[in-house]
Structures are given as structure tokens and as C-alpha cells.
Amino acid sequence: MLSIFDTKTRKIVELVPADGKTVKMYTCGPTVYNYPHIGNLRTYVFEDLLRRTIRFFGMGVYQVMNLTDIDDKTIRGALAKNVSLNEFTDVYKQAFFQDLESLQIEKAEKYPAATDHIPEMIAMIQTLIDKGIAYKTEDGNVFFRIARFPAYGGLSHLNLKDLKEGASQRVSNDEYEKESVSDFALWKAYEPEKDGKIYWESPWGKGRPGWHIECSAMAIRYLGETLDLHMGGVDNIFPHHENEIAQSEGCTGKIFSKYWMHSEHLLVDGKKMSKSLGNFFTLRDLFAKGYKGREIRYLLLSTHYRTQLNFTFEGLEAARHSLKRIDDFILRIKQVDVMSEFSIDVDLHQFEEGFKSSLAEDLNISNALAALFDFIRKINTCCDSGKLGKSQATQILNLFNKLDTVLAIFSHDEEKAPLEIEEKAQRRLTARLEKDWKLADILRKEIDTAGYIVEDSPTSYLLKRK
Ligand code: AMP
Ligand code: ZN
């Protein structure tokens, strides 16, 4: 049983997909006008941890993450560079996928882009207009009529009066025609001086969709009218997710998402890391300082997702140190070649259960990692006194591989040899065990030419990059 904290009910609840098998989850994706900063990436790492944990608990996952390629910032960027919107956003879409790879974030099943789903958005807006939940203004804007959606505020636990007071301070020039200050835009009329030649045709004239409707339309398109789980950073709760609920439920009359989860922010000196404050680091900034993807992943992963995390270089050094302890341990275990069977009593099952039950409690990663380091300490003591047998070591390595399907921090591709090299090393081990020294020598040379060193122990080997 996997329990999570649901933002809407503010309760710890069991995560159960509607079909009992596959969690249909929607995760708000990047606005592709710039490189992601590590604050954005903290949210994606958290979503990845959950995705991997869901599978660890025997369920399937179908994840959709949108790419917001239509908004003020992408349009402004394209116009400033005098290129098409797609040309401008393509660079940042690619950079985003590269960052996911660097942090070992598994790919979602779908990455729909807003530019490919305008018809779905228009259809939703039309349904809302037909139902009287949205209205068009003289200028060709379409707004959501909050007065027609009494459940508004249910996710963020804000009441309509507070919302109106907040919204009245934020009304921009193009929104003066709204019936109520808290109504929000579904369709924004084309403004040549702001939008250049970037617009789409619609029943209400030229224009473009609002940000919130992008997510509602793409979530429903790929996951159906009711999702199992919707996620994002806490800044998405209001207004973005509140508006997504209003649009989607207003349109379908069904519950939009069964569960909602939000991760806390990454801070710098006590302030949210954000592009507008200029207090951000990208992965590229940290790579240039010599840090690796897995060190950054470890840092972002190791604090519970509902706790704010203050970014410091000392924190990053501590992450590096923790990983080195794990690496040294794995190396040591790989080198165990005492052929004896269980010479000590190590309860692997108990350790695995402890790790698993920590994750089951709303992803209590701190407890899960504490269990891991505790285990490492115990086994290191056994190794010190030469009590660990080969078969035990193999079992430990197998278990670590299993835990790494959730953590993705042990064996990263930056250290892992490609499959063909691993196969050569395996063949070489067999050759050695069969005392075919000639073949073993040929294979060693081939491995060497490919840039790897193979270190022998009597019954095993260790592959290292040169
Ligand atoms: P954006 O590209 O601004 O739409 O943000 C993409 C995702 O990153 C959203 O889920 C945000 O909630 C999340 N996010 C933005 N800033 C931070 C931060 N400092 N810490 C954690 N998550 C963030
Ligand atoms: Zn969204």
C-alpha cells in the first residue's frame, strides 16, 4: 500500500488507480523559453521518484507532461530573435530533454506541446461558452465565469472573497472588460504589436489560448475526463491548478483528478529559485563547476518533497560525499570473492521492507536513505572482519540494483560501461575461468581500446572507465 499526501483533502490517503492497475498522471511541464533551473528540476525529480515508487509497488504508470510553448514569454522570445515560435522553442525543448537524461529522470509516456493541440482547446472553450460558464467580450477575448463554478477554491482552500480582493490588484489593461475581477482568460485576442504574426484562428477571431486551458485540454485528450493524479510545484496550486479544475469540471461535469500532489520549492538564501529573481542555477552552470548529474539528482531527491530545500554548495558537496560512500561500498561488495556461503546472518528482507515501508509513507525518502546507510555500515563491519561470502555479496548487489530502480543514483551511465563492453567482460570472465588465457587477453585488449579497464578478482571482475 502506497500512501500520499493529497493537497485537496489535505489528508494522507492510499494511492489507488481507478482501474486498479495503472496510475494515469499528469505533470505540468516546462515553459520552453529558457533553460530549466534546478528549482524546476527539483519538481521533475520528485515526480520521477513517485513514478518509480509506484512501479516498485507493483502498479503501472502512464504519465503525460505538457510542453508550454505558447505564452507571453515564448512569443516575446521568438519575436525578439525574429524566428518562428517553433524554431525558438525547439532549442529549449531539446535542452529540457537533455536535462532529464542528465538527472536520470525517466521519460514520460507523452510530451504534448500546446501548439499541436489548439483544436482541442477551442472545442473545450466552446463547450464552456455553450454552457454559459464562459463568455466572449467585444475585443475577442474569452473569459471563464467564476460565478458559475461554485466549487472554485476547493484545491487551494481559498474563498471567493479573498480571491476577488487578490485579483483586483492584478487586473491588467486587456482584462478590463471582465464581468468579475477573478474571471480568467481562456482565449486571448490577437494584439499585433505584442504578438507579431503569431496567432491562431478561432470562432472568436484571431488569438491564442490561455495557459490554463492548455493543460486541461491536453490532460483530458491523453488521460480521459478523470485522471488519477495531477502534480506540480506548490506555485501551481493557485491559480493554475484551481483554474484547470474549474475549466475541466465545468466542461465535463466529472471530477478532474482523484488526487493532487505538490512539491515544495527549492530556495536560494530563503527565496524561491526563479528566473524572474535571477537567483537561479541551471544544470549547465553546475556542470561547469565540476558537479555531476547524479550528485545534483541526489541533492534534489534526498529532502522530502513537502519540505523546502535551501540550495547551497555545501549541500552539493555533502551529496557528493554520500554518493562516494555508496560507490565505495558497491565496489567493495563487487570485489568480495570469498567462496563461502552465508557466514553471517544478514537480513536482506528486513532491510528491503524497511526501505519500502519508508517510501510507502508519502515518500519518506529521508528514512529510506537512513535505512540504506545503516545497512551499508553493518555490512562494512562484516567485510572488515572478512565475514561476507560471495553469494551474500551477489544478493546484496541484486538488492541494490532493485532499490536503484527507485533511486537511480547507484549505477549511472556516466560510470556504467556500454552493453557491448559489459558482454566482452563477461565473456572474458568465462574464458578466464576456463583458463583460455589467449581469448581472455584478446578481450582485455578490445576492452582497453574501447576506453575501459577491467580489474580481475579470482571469480569476478570490475569495469572502470580509463
Ligand atoms: P515553469 O517552467 O515556470 O512553468 O515551471 C515548471 C515547473 O517547475 C512547475 O511545476 C513549477 O511549479 C516548478 N517550479 C518552478 N520554480 C520552482 C522552484 N524554485 N522549486 C521547485 N519547483 C519549481
Ligand atoms: Zn499545467
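Just so we're clear, the structure is a prediction, and the values are computed from it rather than from any experiment. (Residues numbered from 1 in each chain as written. Chains lettered and ligands numbered in written order. Predicted model: local features only at pLDDT ≥ 70, side-chain atom pairs only at ≥ 80, totals over all residues. Heavy atoms only, no water.)

All right, on to the overall build of the chain then. Helix and strand content of the chain: 16 helices and 15 strands. Its C-alpha atoms give the chain principal-axis dimensions of about 85 × 50 × 40 Å. The buried share among the 466 residues of the chain stands at 53%. Partitioning the contacts of the chain with sequence separation of at least 6, the portion at a separation of at least 24 is 76%. Of the roughly 21,300 Å² that the chain leaves accessible, carbon and sulfur atoms contribute 51%. Across the chain, the centroid of the 63 positively charged side chains sits 2 Å from that of the 69 negatively charged ones. (Helix = DSSP H or I, 4+ residues; strand = E, 2+ residues; numbered from the N terminus. Buried < 20%, exposed > 50% of the residue type's maximum accessible area, 1.4 Å probe, protein only. Contact = heavy atoms within 4.5 Å. Areas by Shrake-Rupley, 256 points an atom, 1.4 Å probe, with all protein chains shown as cover. Lys, Arg positive; Asp, Glu negative; His and termini not counted. Charge placed at Lys NZ, Arg CZ, Asp CG, Glu CD.)

Further remarks concern the coordination of the zinc ion (ligand 2). Within the protein, C28 (SG), C215 (SG) and H240 (NE2) serve as the donor atoms for the zinc ion (ligand 2), at 2.1 to 2.2 Å. Positions of the donor residues of the zinc ion (ligand 2), expressed as sequence spacing, correspond to C-x186-C-x24-H. Taken together, the residues C28 in the loop between β3 (22-27) and α1 (38-56) and C215 in helix α7 (residues 211-223) connect sequence positions 187 residues apart. Comparing C28 with C215, the two get one shared label, buried. (Donors = N, O, S within 2.8 Å, 3.2 Å for Na, K, Ca; no water.)

Contact pair helix α2 (residues 72-81) / helix α3 (residues 85-102): the axes reach a minimum separation of 8 Å and the direction vectors enclose 110°. In terms of orientation, α2 and α3 fall into the roughly perpendicular class. In contact with K73, T74, I75, G77, A78 and K81 of α2, α3 contributes L85, F88, T89 and Y92. For the contact of α2 with α3, a count of residues per class yields five nonpolar, three polar and two charged. (Axes fitted to C-alpha atoms, helices over the stretch in contact; angles between N-to-C directions. Parallel < 35°, antiparallel > 145°, perpendicular 65-115°, else oblique. Nonpolar A, V, L, I, M, F, W, Y, C, P; charged D, E, K, R; others polar.)

To continue, consider α1. Taking 1.5 Å of rise per residue, 19 residues should cover 27 Å, and α1 covers 26 Å from first to last C-alpha, within 8% of that figure. Where burial is concerned, most of α1 is hidden: 17 out of the 19 residues are buried. Immediately beyond the C-terminal end of α1, within one or two residues, lies G58, with a positive phi of roughly 85°. (Expected span 1.5 Å × (residues − 1).)

On inspection of all chains with the given rule, the structure shows 24 salt bridges. The partner of R221 in a salt bridge is E120, with the nearest N and O atoms 3.0 Å apart. Separated by 101 residues along the polypeptide, R221 in helix α7 and E120 in helix α4 (residues 118-130) bring together distant segments of the chain. R221 sits in the partly exposed class, given a relative accessible area of 44%. Between E179 and R145 there is a salt bridge; the shortest N-O distance is 2.7 Å. Taken together, the residues E179 in the loop between α5 (160-168) and β7 (184-189) and R145 in the loop between β6 (142-144) and α5 connect sequence positions 34 residues apart. Here the salt bridges share partners, and the residues they tie into one network are D48, R51, R52, R55, E106, E109 and R297. (Salt bridge = Lys/Arg side-chain N within 4 Å of Asp/Glu carboxyl O.)

Attention shifts here to the sheet that holds β6. As summarised here, the arrangement of the four strands in space is β5-β6-β7-β8, forming an open sheet in which the pairing is antiparallel. At either margin of the open sheet sits one strand with a lone partner, and together these are β5 (134-136) and β8 (207-209). Between one strand axis and the next, the sheet turns by 20° as a mean value, whatever way the strands run. Relative to β8, β7 runs antiparallel, the two sharing three bridges. Note that in β8 the partner of K188 across the bridge is R208. (Pairing = 2+ DSSP bridges.)

Before going further, it helps to examine the nonpolar core. Side chains that are nonpolar tend, in soluble globular proteins, to be buried together. Counting 82 residues, the largest nonpolar core has I38 and F400 as the members making the most contacts within it. Among the elements that take part in this core, helix α13 (residues 365-384) stands out by supplying 10 residues, more than any other. Residues contacting I38, with those up to four places away along its chain left out, are L266, M273, F281, T282, L283, L286, I296, L300 and F311. Formed by 45 residues, the second largest nonpolar core is a distinct cluster that contains Y26, I125, F149 and L186. (Core = buried A, V, L, I, M, F, W, Y, C linked by side-chain atoms within 4.5 Å.)

This paragraph deals with the site of ligand 1. Around ligand 1, 17 residues are found, and the nearest of them are G39, T43, D235, L266 and M273. Separating an oxygen atom of ligand 1 from a side-chain N or O atom of D235 is a distance of 2.5 Å. Relative to its unbound accessible surface of 490 Å², ligand 1 loses 90% to contact with the protein. The residue inventory of the shell around ligand 1, partitioned by class, reads four nonpolar, 10 polar and three charged. (Near = heavy atom within 4 Å. Polar contact = N/O pair within 3.5 Å; in protein donor to acceptor, adjacent residues only side chain to side chain.)

A word on the environment of K292. The topology assignment puts K292 in the loop between α9 (283-288) and α10 (293-301). Residue classification places K292 among the partly exposed positions, given a relative accessible area of 38%. Between the C-alpha atoms of K292 and H304, which are 12 residues apart in sequence, the distance is 21 Å.

Attention now moves to the pairing of strand β1 (residues 3-6). Each regular strand carries side chains that alternate between the two faces of the sheet. By the alternation rule, side chains of β1 split into S3 and F5 and I4 and D6, which are all buried. Inspection of the sheet shows β1 paired to strand β2 (residues 11-14) by four bridges, in the antiparallel sense. Directly across from I4, in β2, lies its bridge partner V13. The hairpin turn running from β1 into β2, its antiparallel successor, is four residues long, and R10 in that turn takes a positive phi close to 55°.

Within the element layout of this structure, D228 appears in strand β9 (residues 227-233). Buried charge without a partner: D228 forms no salt bridge, and the closest opposite charge is K258, 5.2 Å away.

Everything listed here is a matter of coordinates, which is why it stays silent on function.
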